[in-house]
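Chain by chain, the residues:
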Amino acid sequence: MKGKIKRNTVITLLMVLALVMQTFLAPLAANTASAEEEKNPDPNFHIYIAFGQSNMEGNPKVEEEDLDIPDNYYMMQTADGHKERKVGEWYPAVPPLANNNAQLSLVDYFGRNMVYLKSEDNPDIKIGLIVVAVAGSSIKGFDKDTYEEYYSTAADWMQGIAGQYGGNPYQRIIDMAKKAQEDGVIKGILMHQGETDGGSNTWWPTTVKKIYDDMIADLGLGDNIPLLAGQPVGNDYQTIKKLPEQSENFYEISSEGFNGDVENNNRVHFTAAENREFGKRYAEKMVEVEPQYTFGEPTYEWAADGMSVTAKRVCNELSYYVQEETVAATKTITKEATVNEEGTAVYTSADFANSAFVKQTKTETIAKLQPAAATPVPNNTGTPTATPVNDSTTDTDKEDTVVKKSLKLTSVVCKKNTKKITGKVSEKGATVKIKVGKKTAKKATLKGKKFTLKLSYKLKKKTKVTITVTKKNYKTFKKTYTVK
């Protein structure tokens, strides 16, 4: 008993510490997706709406391991009455997420698994959750046309939970989602509801479809937004199994293998371990079915000196979302120019980090060389004469055609609120100097091809970071990045 009390005390202290961290980190989270800082929503800030009853709200207690969340994982406060969080603002997604009655939910682990799955391909990805859940509620409590009548006769405790959302859970979802759309892009909807009335009521699937259609219309979303609906304990609700018949955007998430909290004779609510696995199932399906950005054909623009090329492509869904990358190029003279003939030079770009961009080449004509000027030579009469001009030129007549090798940078990371800048150079033994904003350039530490510059201050968003790479017998490489 003493061990259990001690363990509970530790968990309680950790939860208090997490809330204190949220208080200080709230401005940071808000700034991450602030519409005031950026003219357009961040296309890399992916937002998901989650609603339902007690299993979406979260029943098992939050444990120590649940307080460790990944970076770039946020929740918008949706419920009134929280001591530390303000409704409509972003915070680190430390559980609980739904309301003041909530504990650990499957949506907690949906969000963190989305971070893990997506950041492998795009380290700039951020995940944001909008969670509204009312324990015990019928699906009618989320229908904007029936919620008022439904909650008017509901139990006092249920009315209390709905009251945290202004008495209208659906409208709270819409209000929060519209605010979130200023910051990012809504990519999908999660639902876990049905224990109350989804087992056999034939009207339940069509009501879900109506609520989904209302959300799409009220938020101006596309016709390809997925809705994932999870099975309750037992994995046996036929209405949920048949839900995909209502729309090609509807998907069932299996709860097979989950038995509920058997230890406490609770076969309605999932255990903490089951919620962690269930959230992962939701995430894996969402990554599979959510709409992906598509882009127009890339365009390429060479620098005036031919020593770099910039690739761009524009997102079809978000016209302001432009992917852009600049790489260095090398120059090779394939034919020397002479007095009588033009020469040829070929410029070849380095490989792009973005696989959508293709290595580029271009050919340039080198103008004929100018004949050497005649030099007066005294003759034995003292009268200057001109030396004859030879059709072939000497080495000193030719322009310098020595081509130095090129350096390049890859995997550069300079993120806001961090105290270091890292990356890779193409050659060992190079010197890397980094200039942050208007500060004096500093030499980075190089281990093999990897470099690191540790800072005494945190990087601020939109700060310019200029990296210069030098090495003997190589062309100096210089590129400027913007802190994101």
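Residues numbered from 1 in each chain as written. Predicted model: local features only at pLDDT ≥ 70, side-chain atom pairs only at ≥ 80, totals over all residues. Heavy atoms only, no water.

## Some remarks on the overall build of the protein chain
Phase 1 of the analysis: Along the backbone of the protein chain there are nine helices and 24 strands.
Phase 2 of the analysis: For the protein chain, buried positions account for 45% of its 484 residues.
Phase 3 of the analysis: For the protein chain, long-range pairs separated by at least 24 residues make up 64% of all intrachain contacts whose partners lie at least 6 apart in sequence.
Phase 4 of the analysis: Within the structure as shown, the protein chain displays about 25,100 Å² of accessible surface, and the carbon and sulfur contribution to it stands at 49%. (Helix = DSSP H or I, 4+ residues; strand = E, 2+ residues; numbered from the N terminus. Buried < 20%, exposed > 50% of the residue type's maximum accessible area, 1.4 Å probe, protein only. Contact = heavy atoms within 4.5 Å. Areas by Shrake-Rupley, 256 points an atom, 1.4 Å probe, with all protein chains shown as cover.)

## Focus: the pairing of strand E18 (residues 431–436)
Phase 1 of the analysis: Burial of E18 is one-sided: the residues Val432, Ile434 and Val436 facing one way are buried, the residues Thr431, Lys433 and Lys435 facing the other way are not.
Phase 2 of the analysis: When E18 meets strand E22 (residues 464–470), the two strands line up antiparallel, connected through six bridges. Across the sheet, residue Lys435 finds its bridge partner in E22, namely Thr466.
Phase 3 of the analysis: Bridging between E18 and strand E19 (residues 442–443) involves two bridges; their strand directions are antiparallel. Residue Lys433 lies in a different strand from E19, and its bridge partner there is Lys443.
Phase 4 of the analysis: Adjacent in sequence and paired antiparallel, E18 and E19 are bridged by five residues, among which Gly437 carries a positive phi angle near 60°. (Pairing = 2+ DSSP bridges.)

## Examining unusual backbone geometry
Peptide bonds are trans in most cases, and residues, glycine excluded, mostly fall at negative phi.
Phase 1 of the analysis: Each neighbour pair has its own omega, and for Pro95 with Pro96 the value is 5°, a cis peptide bond.
Phase 2 of the analysis: The residue Pro96 is located in the loop between strand E3 (90–92) and helix H3 (106–119) in this model.
Phase 3 of the analysis: Residues other than glycine seldom take positive phi values, yet Asn235 does so here, at roughly 55°.
Phase 4 of the analysis: Within the element layout of this structure, Asn235 appears in the loop between strand E6 (227–230) and helix H8 (238–241).

## Brief notes about the packing of aromatic side chains
Phase 1 of the analysis: Taken as a whole and judged by the stated rule, the model has 16 aromatic pairs.
Phase 2 of the analysis: On the basis of an interplanar angle of 55° and a centroid distance of 6.1 Å, the ring pair of Tyr300 and Phe352 is categorised as tilted. Of the two residues, Tyr300 sits in strand E8 (residues 299–302) while Phe352 sits in the loop between strand E11 (343–349) and strand E12 (361–366), which places them 52 residues apart along the sequence.
Phase 3 of the analysis: On the accessibility criterion, Phe352 (10% relative accessible area) is buried.
Phase 4 of the analysis: Ring pairs connect the aromatic residues Phe258, Phe270, Phe278 and Tyr282, which therefore count as one cluster.
Phase 5 of the analysis: Above the face of the Phe295 ring, Arg313 is positioned so that its terminal group lies 3.9 Å from the ring centre.
Phase 6 of the analysis: Positioned over the ring face of Tyr457 is Lys439, at 4.7 Å from the centre of the ring. (Phe/Tyr/Trp six-rings, centres within 6.5 Å; stacked < 30°, edge-to-face > 60°. Lys NZ or Arg CZ within 6 Å of the ring centre and 35° of its normal.)

## Some words on the packing of H3 against helix H9 (residues 272–289)
Phase 1 of the analysis: Relative orientation of the contacting elements H3 and H9 amounts to 50°, with a least axis distance of 7 Å. With respect to H9, the axis of H3 lies oblique. Between H3 and H9 the crossing geometry is right-handed. Counted together, Leu106, Tyr109, Phe110, Asn113, Met114 and Leu117 of H3 and Asn275, Arg276, Phe278, Gly279, Lys280, Tyr282, Ala283, Glu284, Met286 and Val287 of H9 form the full contact between these two elements.
Phase 2 of the analysis: Of the residues contributing to the contact of H3 with H9, the split by class is 10 nonpolar, three polar and three charged. (Axes fitted to C-alpha atoms, helices over the stretch in contact; angles between N-to-C directions. Parallel < 35°, antiparallel > 145°, perpendicular 65-115°, else oblique. Left-handed = near helix turned anticlockwise from the far one by under 90°. Nonpolar A, V, L, I, M, F, W, Y, C, P; charged D, E, K, R; others polar.)

## Some remarks on the sheet that holds E19
Phase 1 of the analysis: Strands sit in the order E19-E18-E22-E24 across an open sheet of four strands; the sheet is antiparallel. If you trace the sheet from one side to the other, it starts and ends with E19 and strand E24 (477–482), each paired once.

## Re helix H7 (residues 204–219)
Phase 1 of the analysis: Under the 1.5 Å per step criterion, the end-to-end length of H7 is 23 Å for 16 residues, consistent within 8% with the ideal 22 Å.
Phase 2 of the analysis: What H7 keeps buried is the set Trp204, Pro205, Thr207, Val208, Ile211, Tyr212, Asp214, Met215, Ile216 and Leu219.
Phase 3 of the analysis: Among the structural elements, strand E1 (45–52), helix H6 (169–180), strand E5 (185–192), E6, H8 and strand E7 (250–253) are those in contact with the buried residues of H7.
Phase 4 of the analysis: Taken from the residues just after H7, Gly220 is the one with a positive phi, measuring 65°. (Expected span 1.5 Å × (residues − 1).)

## Structural notes on the sheet that holds E1
Strands belonging to one sheet form pairs held by backbone hydrogen bonds; the direction of such a pair is parallel or antiparallel.
Phase 1 of the analysis: Strand order in the open sheet formed by seven strands is E3-E2-E4-E1-E5-E6-E7, with mixed pairing between adjacent strands. Edge positions in the sheet fall to E3 and E7, since each of these pairs with one other strand and no more. Between one strand and the next, the sheet's axes are offset by a mean angle of 30°, whatever the strand orientation.
Phase 2 of the analysis: Running at roughly 160° to E5, H7 makes contact with E1, E5, E6 and E7 of the sheet.

## With respect to a positive patch on the surface
Phase 1 of the analysis: Positive charge collects at one region of the surface, where Lys424, Lys428, Lys449 and Lys450 lie side by side.
Phase 2 of the analysis: Note on placement: Lys449 falls in the loop between strand E20 (445–447) and strand E21 (450–454). (Patch = residues over 30% accessible without salt bridge, like charges linked within 9 Å, V, L, I, M, F, W, Y side chains within 5 Å. Salt bridge = Lys/Arg side-chain N within 4 Å of Asp/Glu carboxyl O. Lys, Arg positive; Asp, Glu negative; His and termini not counted. Charge placed at Lys NZ, Arg CZ, Asp CG, Glu CD.)

## A closer look at the confidence of the model for the protein chain
Phase 1 of the analysis: Model confidence for the protein chain is summarised by a mean pLDDT of 87, while 86% of its residues fall at 70 or above.
Phase 2 of the analysis: Across residues 1–6, confidence stays below pLDDT 50; counting only partners more than four residues off in sequence or on other chains, it has zero contacts.
Phase 3 of the analysis: In the model, residues 385–402 has pLDDT below 50 throughout and makes 22 contacts with residues more than four positions away in sequence or in other chains. (pLDDT = per-residue confidence, 0-100.)

## With respect to the environment of Glu364
Phase 1 of the analysis: Along the chain, Glu364 falls in strand E12.
Phase 2 of the analysis: Each C-alpha atom, one on Glu364 and one on Gly343, is 8.6 Å from the other, the two residues being 21 residues apart in sequence.
Phase 3 of the analysis: In contact with Glu364, not counting residues within four places along its chain, are Gly343, Thr344, Ala345 and Tyr347.
Phase 4 of the analysis: Of note is the side chain of Glu364, whose polar atom sits 3.0 Å from the side chain of Tyr347. (Polar contact = N/O pair within 3.5 Å; in protein donor to acceptor, adjacent residues only side chain to side chain.)

## Details of H6
Phase 1 of the analysis: Along its 12 residues, H6 runs 16 Å from first to last C-alpha, staying within 8% of the 16 Å computed at 1.5 Å per residue.
Phase 2 of the analysis: Buried residues of H6: Pro169, Tyr170, Arg172, Ile173, Ile174, Met176, Ala177 and Ala180, and no others.

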